[in-house]
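# Architecture at a glance
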Number of protein chains: 2
Amino acid sequence: MVDKKIQKQFKELLSKEGLKMTSARLSVLDEMLSNDEHRECEEIFNALLANGVKISRATTYRTLDFLVKYEYIRKMDIGDGKIRYEKKLGHPRHDHMICIESGNIIEFHNEAIETLQDKIAKNHGYKIVRHVHQLFVKPINKK
Amino acid sequence: MVDKKIQKQFKELLSKEGLKMTSARLSVLDEMLSNDEHRECEEIFNALLANGVKISRATTYRTLDFLVKYEYIRKMDIGDGKIRYEKKLGHPRHDHMICIESGNIIEFHNEAIETLQDKIAKNHGYKIVRHVHQLFVKPINKK
DNA sequence: GTTTATGCAAACCTTTTGCAAATTT
DNA sequence: AAATTTGCAAAAGGTTTGCATAAAC
């Protein structure tokens, strides 16, 4: 179950938009905050059903959108035709390294790269709003 | 029209796979090599039609796949639900900076970042096969 | 009691596919 | 002549949408 404090903030965000706090929305929030995987909507939807939550795919999609908007979660696209969602709240900033053999997703963060990125944007007269940095890798010892 | 040398190499690559050189394939190659934009299949298909090339969407998709495989072009996905293709042959390695206000795509390259990336992968026991690095930016003077 | 949310199924949109007809070698 | 390619339209796959019913305020 979601922490009471978080639940309260969630309700306030919803109200601010004229939206209602429903059990479906709370279930999706709960599901997303208690899992650190990078999952597709379909997987999240199935996890909810498996936990006995009565919800539809449509509501799952709609709620994930809201959670992305308010930065509870992040939407990621590694270009394989599947969109994944991951927990963002209380999760440190990071980028992704994807093993092309196992499909494993490893998180990394490098301050020096971030600094260089900012410099590049600045040199062109821009500032970075967000970025995507993905390394597709394979184990060193393999051919 | 495509350079004779390139056309010959293209034909050889095709033969090597038991594929035939057709006017449709040559037209797509020509269209892709003579344009530096980052375009969707639909835009490329329409450009071909506008140039009087008789081709179908299906063949355009099929040929783009072949061109990606043999590195004449690159497939890119900036996560907006549209897949774009850009010329790769004779085009230097680069990453992308996308202006979220104008949609403009600016290319950049930074050797120091590449070195850091390689180091990160290596530290995890991996080597990089390819990477995606996209900076979503907005002009500095805007709010 | 109003208003918003939900579930369902249909619609969407881009990409892929099966197959008969056309083109290439 | 044999083999591959093409165009067409249908299928696919994931996401969105319209609408009547249900739930929240």
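Residues numbered from 1 in each chain as written. Chains lettered and ligands numbered in written order. Predicted model: local features only at pLDDT ≥ 70, side-chain atom pairs only at ≥ 80, totals over all residues. Heavy atoms only, no water.

Taken together, the neighbourhood of DNA strand C is formed by 20 residues, with Lys20, Thr22, Arg25 and Thr59 of chain A together with Tyr61 of chain B sitting nearest. The share of sugar and phosphate among atoms of DNA strand C within 4 Å of the protein is 74%. Between a phosphate oxygen of DNA strand C and a side-chain N or O atom of Ser56 of chain A, the distance comes to 2.7 Å. Among the secondary structure elements, those contributing two or more residues to the surface near DNA strand C are α2 (23-33) and α4 (57-69) of chain A together with α4 (57-69) of chain B. Its residues assigned to classes, the surface near DNA strand C shows eight nonpolar, five polar and seven charged. (Near = heavy atom within 4 Å. Polar contact = N/O pair within 3.5 Å; in protein donor to acceptor, adjacent residues only side chain to side chain. Helix = DSSP H or I, 4+ residues; strand = E, 2+ residues; numbered from the N terminus. Nonpolar A, V, L, I, M, F, W, Y, C, P; charged D, E, K, R; others polar.)

Right, let's talk about the side chain of Asp30 of chain B for a bit. Residue and element names in this part refer to chain B. Turning to its location among the elements, Asp30 is positioned in helix α2 (residues 23-33). Nearest to the buried, unbridged Asp30 among oppositely charged side chains is Lys87, at 9.6 Å. Those residues within four positions of Asp30 in sequence are excluded, and the remaining contacts are Met1 and Val2. (Buried < 20%, exposed > 50% of the residue type's maximum accessible area, 1.4 Å probe, protein only. Lys, Arg positive; Asp, Glu negative; His and termini not counted. Salt bridge = Lys/Arg side-chain N within 4 Å of Asp/Glu carboxyl O. Contact = heavy atoms within 4.5 Å.)

This paragraph deals with the sheet that holds strand β4 (residues 95-99) of chain A. Judged by pairing direction, the sheet is mixed, and its six strands sit side by side in the order β5(A)-β4(A)-β6(A)-β6(B)-β4(B)-β5(B) without closing on themselves. Edge positions in the sheet fall to β5 (105-108) of chain A together with β5 (105-108) of chain B, since each has one partner strand and no second. Strand after strand, the sheet turns through a mean of 25° between neighbouring axes, direction not considered. The pairing of strand β4 (residues 95-99) of chain B with β5 of chain B spans four bridges and is classified as antiparallel. The residue of β5 of chain B that forms the bridge with Met97 of chain B is Ile106 of chain B. In the packing of helix α5 (residues 111-123) of chain A onto the sheet, contacts are made with β4 and β6 (126-139) of chain A together with β4, β5 and β6 (126-139) of chain B, and the angle to β6 of chain A comes to roughly 135°. On the sheet, helix α5 (residues 111-123) of chain B packs against β4, β5 and β6 of chain A together with β4 and β6 of chain B and is oriented at approximately 135° with respect to β6 of chain B. (Pairing = 2+ DSSP bridges. Axes fitted to C-alpha atoms, helices over the stretch in contact; angles between N-to-C directions.)

Another aspect to go through is the relation of the copies chain B and chain A. Both copies of the chain are related by a screw-like operation: a rotation about an axis and a shift along it. Of the two same-sequence chains, chain B is brought onto chain A (RMSD 0.1 Å, axial shift 0.0 Å) by a rotation of 180°. Both chain copies can therefore be described as sitting about a two-fold axis. Using C-alpha coordinates, one finds that chain B approaches the rotation axis most closely at His133 of chain B, a distance of 2.2 Å. Both copies present the same face, since 100% of the interface residues in chain B are matched by interface residues at the equivalent positions in chain A. (Least-squares fit on C-alpha atoms with pLDDT ≥ 70 in both.)

Moving on: the pairing of strand β3 (residues 83-87) of chain A. Residues and elements named next belong to chain A. A large share of β3 lies buried, amounting to four of its five residues. Pairing geometry for strand β1 (residues 39-40) and β3, over two bridges, is antiparallel. Across the sheet, residue Glu40 finds its bridge partner in β3, namely Arg84. As paired elements, strand β2 (residues 73-77) and β3 share five bridges and run antiparallel to each other. When the bridges of β3 are listed, Met76 appears paired with Arg84. Where β2 hands over to β3, the hairpin turn is made up of five residues, of which Gly79 adopts a positive phi near 80°.

All names here are of chain B. Within the secondary structure, Leu89 sits in the loop between β3 (83-87) and β4. Residue Leu89 is classed as partly exposed on the basis of its relative accessible area, which comes to 32%. Here Leu89 is in contact with Ile6, Leu33, Glu71 and Tyr72, once residues within four sequence places are set aside.

Moving on, we come to the nonpolar core. Met97, Tyr126 and Val137 of chain A together with Met97, Tyr126 and Val137 of chain B are the most contacted members of the largest nonpolar core, which totals 22 residues. Elements supplying a minimum of two residues to this core: β4, β5, α5 and β6 of chain A together with β4, β5, α5 and β6 of chain B. In contact with Tyr126 of chain A, not counting residues within four places along its chain, are Ala121 of chain A together with Met97, Cys99, Ile106, Val137, Lys138, Pro139 and Ile140 of chain B. (Core = buried A, V, L, I, M, F, W, Y, C linked by side-chain atoms within 4.5 Å.)

Bringing the interface of chain B and chain A into the picture now. The parts lose accessible area when they come together, and the size of an interface is often stated as this lost area. Taken together, the contact between chain B and chain A spans 33 residues of the former and 33 residues of the latter. Between chain B and chain A the total buried area reaches about 3100 Å² when both faces are included, carbon and sulfur atoms providing 71% of it. Remark: the boundary between chain B and chain A carries twelve residue pairs in polar contact (both at pLDDT 80 or more). Sorting the residues of the side of chain B that touches chain A by element identifies β4, β5, α5 and β6 of chain B as the ones contributing at least two each. With 14 residues, β6 of chain B is the largest single contributor of residues to the side of chain B that touches chain A. In terms of residue class, the side of chain B that touches chain A is built from 19 nonpolar, eight polar and six charged. Note: β6 of chain A against β6 of chain B, 13 bridges, orientation antiparallel. Each residue of the ladder has a partner; that of Val132 of chain A, found in β6 of chain B, is Gln134 of chain B. (Buried area = accessible area lost by both parts, 1.4 Å probe.)

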